[in-house]
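Chains, contacts and geometry: an overview
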Amino acid sequence: MMQMRDWVIGLIGVIIGALGVLSLIGILPFELSRGVLIWVAAIAGIILLYAAIVEITNSNIMGTVSIIAAGIVLIISLLPALNGIGWLGDWASFSWIGEAVYKVILVAEGAFLAIATFAMEL
């Protein structure tokens, strides 16, 4: 039986993925700065980590793939986000990662969260 959390995570995944695709294509009516992209990717990474843990507790192999993806995304996005508010040094800024990479990360996170909608119940 699908629970409400499954549909909420799927909806968040669709919104995050659409935001990534539309900003990557360049048809958003507004421009997302690098800081906003980093924070959105970090928050979506935390949600993906939660979904991956639920998938793993249900003995789903997709949870292992999701938790690896969530770990990579959290390293790439959470460290620069924390650096942006002054908690970490300049080593964590990852200034060599461009906006396009974070847009692709948003698309990947959206796909993993959309998959998690159904994988959390398997």
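Everything in this summary refers to the structure shown in the same document. Worth saying up front: this structure is predicted, and the values here are computed from it rather than measured.

Rules behind the numbers
- Note on numbering: residues in each chain are counted from 1, in written sequence order.
- Residue-level local features of this predicted model are given only where pLDDT is at least 70; pairs of side-chain atoms are given and counted only at 80 or more, and the full residue set underlies all totals for whole chains, interfaces and linings.
- Water and hydrogen atoms were dropped before computing side-chain values, which therefore reflect all heavy atoms in the structure.
- Geometry of aromatic contacts follows a simple scheme: Phe, Tyr and Trp rings, the Trp one being its six-membered ring, pair when their centres are within 6.5 Å, and the pair is stacked under 30 degrees between planes, edge-to-face over 60, tilted otherwise.
- Where helices and strands are cited, they refer to DSSP runs of H or I of at least four residues and of E of at least two residues respectively, numbered from the N terminus.
- Burial classes: relative accessible area under 20% of the type maximum marks a residue as buried, over 50% as exposed, and values in between as partly exposed (1.4 Å probe, protein chains only).
- Salt bridges are identified by distance alone: a Lys or Arg side-chain nitrogen within 4 Å of an Asp or Glu carboxyl oxygen.
- Nonpolar side chains (Val, Leu, Ile, Met, Phe, Trp, Tyr) are joined into patches within 5 Å and like charges within 9 Å, using only residues with over 30% relative accessible area and no salt bridge.
- All accessible-area figures derive from a Shrake-Rupley calculation using a 1.4 Å probe, and residue coverage is judged against the displayed protein chains alone.
- Note on terminology: a nonpolar core comprises buried Ala, Val, Leu, Ile, Met, Phe, Trp, Tyr and Cys residues joined through side-chain atoms within 4.5 Å.
- Between two residues, a contact is recorded if the distance between any of their heavy atoms is within 4.5 Å.
- Every angle, taken between N-to-C directions, lies between 0 and 180 degrees, and every axis is a line fitted to C-alpha atoms, over only the stretch in contact when it is a helix.
- Roughly parallel refers to an angle under 35 degrees, roughly antiparallel to one over 145, roughly perpendicular to one between 65 and 115, and oblique to any angle outside these ranges.
- Left-handed describes a crossing whose near helix is turned anticlockwise from the far helix by less than a right angle; the clockwise case is right-handed.
- Amino acids outside the nonpolar list (Ala, Val, Leu, Ile, Met, Phe, Trp, Tyr, Cys, Pro) and the charged list (Asp, Glu, Lys, Arg) are all regarded as polar, and Gly is one of them.

**Quick word on the packing of aromatic side chains**
Geometry of an aromatic ring pair is reported as the spacing of the ring centres plus the angle between the planes. Tallying each qualifying case throughout the model produces two aromatic pairs. Ring centres 5.9 Å apart and planes at 90 degrees place the aromatic pair Trp-7 and Phe-118 in the edge-to-face group. In this pair, Trp-7 sits in helix α1 (residues 4–25) while Phe-118 sits in helix α4 (residues 99–119), placing the two residues 111 residues apart along the sequence. Exposure remark for Trp-7: the relative accessible area of 46% places this residue in the partly exposed category.

**As for the pattern of salt bridges**
As enumerated under the stated definition, the model contains two salt bridges in all. The closest approach of N and O atoms between Lys-103 and Glu-31, which form a salt bridge, is 3.9 Å. Of this pair, Lys-103 sits in helix α4 while Glu-31 sits in the loop between α1 and α2 (34–57), and the two are 72 residues apart along the sequence.

**A short note on a nonpolar patch on the surface**
On the surface, a nonpolar cluster with roughly 460 Å² of combined accessible area is contributed by Met-4, Trp-7, Val-8 and Phe-118. Here the nonpolar patch takes three residues from α1, the largest share from any one element. Mapped onto the elements, Met-4 comes out in helix α1. Residue classification places Met-4 among the exposed residues on the basis of a relative accessible area of 62%.

**Description of the nonpolar core**
The biggest cluster of nonpolar side chains holds 14 residues, and the ones touching the most others in it are Leu-37, Tyr-102, Ile-105 and Leu-106. Within the residue set of this core, elements represented by two or more residues are α2, α3 (61–84) and α4. Sort the elements by how many residues they give to this core and α2 lands first, with four residues. Those residues in contact with Tyr-102 that lie beyond four places of it in its chain are Arg-34, Leu-37, Ile-38, Ile-76, Ser-77, Pro-80, Phe-94 and Ile-97.

**Focus on the packing of α1 against α4**
Two numbers describe how α1 lies on α4: the axes approach to 7 Å, and their chain directions differ by 155 degrees. As judged from the angle between their axes, α1 and α4 are roughly antiparallel. Remark: the crossing between α1 and α4 carries left-handed chirality. Residues Asp-6, Trp-7, Ile-9, Gly-10, Ile-12, Gly-13, Ile-16, Gly-17, Gly-20, Val-21, Ser-23 and Leu-24 of α1 form the contact with α4, whose participating residues are Ala-100, Lys-103, Val-104, Leu-106, Val-107, Glu-109, Gly-110, Leu-113, Ala-114, Ala-116, Thr-117 and Phe-118.

**Section: the packing of α2 against α3**
The N-to-C vectors of α2 and α3 enclose an angle of 155 degrees; their axes lie 8 Å apart at closest approach. With respect to α3, the axis of α2 lies roughly antiparallel. Viewed along their axes, α2 and α3 form a crossing whose handedness is left-handed. Taken together, the residues of the contact of α2 with α3 break down into 19 nonpolar, five polar and one charged.

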